Structure formats: structure tokens, C-alpha cells
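As a plain string of letters, each chain reads:
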Amino acid sequence: CAQSGTINTLCVDNLTVSKPLTPVIKYRAAVTNPANSVYNLGLPINWNTILDDPNGNVSVAPFHYTVPVSGYYIATFQLDSEQLQGAATISGVPVGLLRLFANAGLARQMLAPFLSFSDEQSAVFSTILLLNAGDIITMTYDVLVLNPVGGLMPFVGTVNIKANGSALNSSGFEIHYLSS
């Protein structure tokens with residue numbers, strides 16, 4: 001059995017591979033928080049519980065994910081919030097704004113309206129990103145409210161990010177390498 005070699009033309013009827021290629025699933029991570037936490041709107045989210053990170057690409061305090069290899073990734077960002085609080089009175093229905101950044105530049109964002117007369121919101125989005133090795137991934141959450149003069153404006157305040165220390169029914173972030 002050869003460990004390496006060059007083949008110009010190959011025709012095989014039955015092929016057995018004794019050492020399969022390294023699976024790409026090793027380039028992945030999942031993070032959350034162990035319990036509910038107060039979050040200042042608009043600041044980077046600091047996930048502090050690592051659920052899965054086989055390559056050590058997650059840093060906490062402050063949170064960021066460092067992309068290990070260039071290629072296409074699928075990223076999922078879920079944020080469940082409650083107890084929207086601030087000094088200003090909210091008129092109309094607030095809209096949540098989830099943002100995903102690569103190297104501090106906006107990579108993707110999603111708007112998610114609150115239900116009328118509810119201060120709770122659940123929002124999740126998944127996206128495919130083309131990233132380069134060494135890119136730094138972070139995220140923020142804002143709530144936009146209607147200002148009669150300025151239109152939709154960021155609300156100054158806090159929310160309680162709901163989390164339970166697991167990837168099921170909890171706020172968090174996951175990223176998986178797909179291909180080069």
C-alpha cells in the first residue's frame with residue numbers, strides 16, 4: 001500500500017480506502033451563556049460558555065471566533081430576549097436588529113419585529129459566509145424604535161438575554177465549515 005504517489009490515469013473497479021480523509025466537521029464551534037444575563041443594546045455580545053470548539057478558535061471575555069481555514073461557513077445566530085428596558089418611551093412596535101461582523105465589518109444582518117404589546121422576542125438567522133483564515137467573527141444586537149423625527153433609531157437600554165447553558169432552545173452562536 002503506497003503512502004503517496006502521482007497517478008496520471010486511473011481506472012478502478014473496486015476501491016477501498018483504509019484511511020478516510022479528515023472530516024471537515026472539526027472546523028466548528030458553538031457558544032451560549034449558562035443563564036439569563038443583562039445585555040446593553042448595541043455592544044458586542046459576550047458569549048461565555050463554549051459548548052463545542054475542537055480547534056480552540058473561540059475566545060471569551062471578550063467573545064470572538066477566529067476562522068481557522070478559508071472557505072464557506074454556515075453561521076447561526078439565535079437571540080431570545082425579554083424585559084426590554086430604557087429611559088425613553090417606546091411608540092409603535094420595536095424591531096430587533098441582529099448583526100454578524102467579520103473583522104469589525106458588517107457581514108450579515110436581520111430585522112425581527114417584536115410581537116405587539118410584548119417585551120419578549122425570539123429571533124434566529126442562518127447564513128452562508130465566505131471567510132478567510134484569520135477573520136474575526138463577532139455579533140451585536142440592537143432594538144430599533146420609531147422616532148417621530150428621525151425614523152427608526154437605536155433604543156438606548158438593556159434586555160435580558162435568555163440562555164440555559166445548552167444549544168437547545170437557547171440564545172447562542174454556531175458556526176460550521178462547509179467547503180473551500
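Our subject is the structure listed above.
Small disclaimer: the values here were computed from a predicted structure and weren't measured.

Examining the overall build of the protein
Okay, step 1: The helix and strand tally for the protein stands at zero helices and 13 strands.
Okay, step 2: Put simply, 73% of the contacts in the protein that link residues at least 6 apart link residues at least 24 apart.
Okay, step 3: Carbon together with sulfur atoms contributes 56% to the accessible area of the protein, which is approximately 10600 Å² in total.

Quick notes on the nonpolar core
Okay, step 1: If you look at the biggest cluster of nonpolar residues, it comprises 36 residues, and the most contacted ones within it are Trp47, Tyr65, Phe77, Ile137, Met139, Tyr141 and Phe173.
Okay, step 2: Listing elements by their share of this core, those giving two or more residues are β1 (28–32), β6 (71–86), β7 (95–102), β9 (121–131), β10 (136–147), β12 (157–161) and β13 (172–179).
Okay, step 3: Beyond its immediate chain neighbours, meaning those up to four positions away, phenylalanine 173 contacts Ala29, Ala30, Val31, Trp47, Phe63, Tyr65, Ala75, Thr76, Phe77, Leu100, Ile137 and Met139.

Things to note about the pairing of β13
Okay, step 1: Looking at chain direction, β1 and β13 are connected through four bridges and run antiparallel. The residue of β13 that forms the bridge with alanine 30 is glutamate 174.
Okay, step 2: Here β6 runs beside β13; their pairing, made up of seven bridges, is antiparallel. In the sheet register, glutamine 78 faces β13, and the bridge partner there is glycine 172.

Things to note about the pairing of β7
Okay, step 1: The buried fraction of β7 is high, at seven of eight residues.
Okay, step 2: Here β7 pairs with strand β8 (residues 105–113) via eight bridges, running antiparallel. Residue pairing in the sheet places leucine 97 in a bridge with leucine 111 of β8.
Okay, step 3: In this structure, the hairpin formed by β7 and β8 is closed by a connection of two residues, where asparagine 103 is found at a positive phi of approximately 55 degrees.
Okay, step 4: As paired elements, β7 and β10 share eight bridges and run antiparallel to each other. Residue pairing for β10: phenylalanine 101 is matched across the bridge by threonine 138.

Considering the environment of valine 143
Okay, step 1: As for its placement among the helices and strands, valine 143 is situated in strand β10.
Okay, step 2: The spacing of valine 143 and leucine 98 is 45 residues in sequence and 8.8 Å in space, taken between C-alpha atoms.
Okay, step 3: If sequence neighbours within four positions are ignored, valine 143 has contacts with Leu41, Leu84, Pro94, Val95, Gly96, Phe114, Met153, Pro154 and Phe155.

Points about the pattern of salt bridges
Should the charged atoms of two oppositely charged side chains come close, the side chains can pair.
Okay, step 1: The tally for this structure, following the rule as stated, stands at three salt bridges.
Okay, step 2: With a closest N to O distance of 3.9 Å, aspartate 142 and arginine 99 form a salt bridge. Placement of the pair is aspartate 142 in strand β10 and arginine 99 in strand β7, with a sequence separation of 43 residues.
Okay, step 3: Looking at arginine 99, the relative accessible area reads 26%, which means it is partly exposed.

Conventions and cut-offs
- Residues numbered from 1 in each chain as written.
- Predicted model: local features only at pLDDT ≥ 70, side-chain atom pairs only at ≥ 80, totals over all residues.
- Heavy atoms only, no water.
- Helix = DSSP H or I, 4+ residues; strand = E, 2+ residues; numbered from the N terminus.
- Contact = heavy atoms within 4.5 Å.
- Areas by Shrake-Rupley, 256 points an atom, 1.4 Å probe, with all protein chains shown as cover.
- Core = buried A, V, L, I, M, F, W, Y, C linked by side-chain atoms within 4.5 Å.
- Buried < 20%, exposed > 50% of the residue type's maximum accessible area, 1.4 Å probe, protein only.
- Pairing = 2+ DSSP bridges.
- Salt bridge = Lys/Arg side-chain N within 4 Å of Asp/Glu carboxyl O.

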